[in-house]
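# Structure at a glance
The chain contents come next:
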Amino acid sequence: MSADDDARRLQAANPAGWFEDLYAEARAGTASVPWDQPHPQAHLVEWAAGVDGTGRRALVVGCGYGRDSEFLASLGFDVVAFDISPTGIATVRARYPDSEVSYVVADLLDPPAAWHRAFDLVVENMTVQALPVDLHPAATERVASLTGSTLLVLAVAREEGPVPDGPPWPLTPSEIEAFGTDGLSARSVRRDGGRWVAEFVR
Ligand SMILES: C[S@@+](CC[C@H](N)C(=O)[O-])C[C@H]1O[C@@H](n2cnc3c(N)ncnc32)[C@H](O)[C@@H]1O
């Protein structure tokens, strides 16, 4: 069974809590996590060329195993990275015992009030698309609300039309445009290899 099959099996069995189930099964060795990649997302690396994060705060949404958060910390950012899965956060802390990243269990749909517009950079890589389509508007609005100045959205792209069987539920052009809310405006939005690379600024 593939990692994508594991994700779909667990989502179907427990739509509200399958992320925790997946990280727990992965820890027990009975499932694989599709996004368990050793390297930061290539579009993030490309976007960050020449960026010095010194003195700037970054927030990584739905951080998973920390590939993007560790990369941003290596650029000098003061990084907070959060995920809804306690087992996921425990695992990433164990993987990077000396990490300077602050790893936190938190729900994007109910984030701490202190995070409101608190981060110079917010990176959202494939979290909204991991949620059912009816949750996309609320999740998108929360991502925007956490952004102090720059938001980078990385996601798989799809056309407008019938909702696919997920997970994932890739983002349509209108769903990407929706991040331009709460005072954010699009600085650049492009598709590359079936993925969105979208930057918004306040
Ligand atoms: C497709 S994975 C992407 C992980 C990571 N961004 C990466 O690219 O490696 C989506 C992640 O979002 C997390 N997640 C799902 N719903 C969440 C929520 N409401 N709040 C915070 N994290 C959430 C999941 O536990 C999972 O780690």
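Bear in mind the structure is a predicted one, so any value in this text is a computation, not a measurement.

What surrounds the ligand is a group of 18 residues, the closest being Tyr23, Gly62, Asp83, Asp107 and Asn125. Take Gly62: an N or O atom from its main chain is 2.8 Å from a nitrogen atom of the ligand. Contact distances for the ligand include 2.8 Å between a nitrogen atom and a backbone N or O atom of Leu108. For the ligand, whose free accessible area comes to 590 Å², the fraction covered by protein is 97%. Contributions of two or more residues to the shell around the ligand are made by helix H2 (18–28) and strand E2 (78–83). Residue composition of the shell around the ligand, grouped by class: eleven nonpolar, four polar and three charged.

What the seven strands build is an open sheet, ordered E3-E2-E1-E4-E5-E7-E6; its pairing is mixed. The open sheet has two free edges, formed respectively by strand E3 (102–105) and strand E6 (185–192), since each of these has just one partner strand. Mean inter-strand twist for the sheet, computed between neighbouring axes without regard to direction, equals 15 degrees. Sheet topology note: the strand E1 (residues 57–61)/strand E4 (residues 119–125) ladder contains four bridges and is parallel. Residue Ala58 lies in a different strand from E4, and its bridge partner there is Leu121.

Counting 36 residues, the largest nonpolar core has Leu59, Trp115, Val122, Leu151, Ile176, Phe179 and Phe200 as its most contacted members. Those elements that provide at least two residues to this core are helix H1 (3–13), H2, E1, E2, E4, helix H6 (136–146), strand E5 (147–156) and strand E7 (195–201). Aside from chain neighbours lying at most four places away, what touches Val122 is Leu59, Val61, Val143, Leu146, Thr147, Thr150, Leu151 and Leu152.

Counting buried positions over the six residues of E2 gives five, a clear majority of the element. The pairing of E1 with E2 spans four bridges and is classified as parallel. Its bridge partner being in E2, Ala58 is matched across the sheet by Val79. The β-α-β motif built from E1, the intervening helix H4 (residues 67–74) and the parallel element E2 has right-handed crossover chirality. On the question of chirality, the crossover connecting E2 to the parallel E3 by way of helix H5 (residues 86–95) is right-handed.

Now for the packing of aromatic side chains. Summed over all chains, the structure comprises seven aromatic pairs. Ring centres of Phe179 and Phe200 lie 6.1 Å apart, and the angle between their planes is 40 degrees; on these two criteria the pair is classed as tilted. One end of the pair, Phe179, is in the loop between helix H7 (173–177) and E6; the other, Phe200, is in strand E7, with 21 residues separating them in the sequence. Taken as a pair, Phe179 and Phe200 share a single burial class, namely buried. One aromatic cluster in this structure is built from Trp18, Phe19, Tyr23, Trp35 and Tyr65. When the ring centre of Tyr65 is taken as origin, the NZ or CZ atom of Arg95, which lies over that ring, is 4.0 Å away. The ring of Trp196 carries Arg191 above its face, with NZ or CZ at 4.9 Å from the centroid.

Rules of the game
- Residues numbered from 1 in each chain as written.
- Predicted model: local features only at pLDDT ≥ 70, side-chain atom pairs only at ≥ 80, totals over all residues.
- Heavy atoms only, no water.
- Near = heavy atom within 4 Å.
- Polar contact = N/O pair within 3.5 Å; in protein donor to acceptor, adjacent residues only side chain to side chain.
- Areas by Shrake-Rupley, 256 points an atom, 1.4 Å probe, with all protein chains shown as cover.
- Helix = DSSP H or I, 4+ residues; strand = E, 2+ residues; numbered from the N terminus.
- Nonpolar A, V, L, I, M, F, W, Y, C, P; charged D, E, K, R; others polar.
- Pairing = 2+ DSSP bridges.
- Axes fitted to C-alpha atoms, helices over the stretch in contact; angles between N-to-C directions.
- Core = buried A, V, L, I, M, F, W, Y, C linked by side-chain atoms within 4.5 Å.
- Buried < 20%, exposed > 50% of the residue type's maximum accessible area, 1.4 Å probe, protein only.
- Contact = heavy atoms within 4.5 Å.
- Right-handed = clockwise from strand over helix to strand, strands pointing away.
- Phe/Tyr/Trp six-rings, centres within 6.5 Å; stacked < 30°, edge-to-face > 60°.
- Lys NZ or Arg CZ within 6 Å of the ring centre and 35° of its normal.

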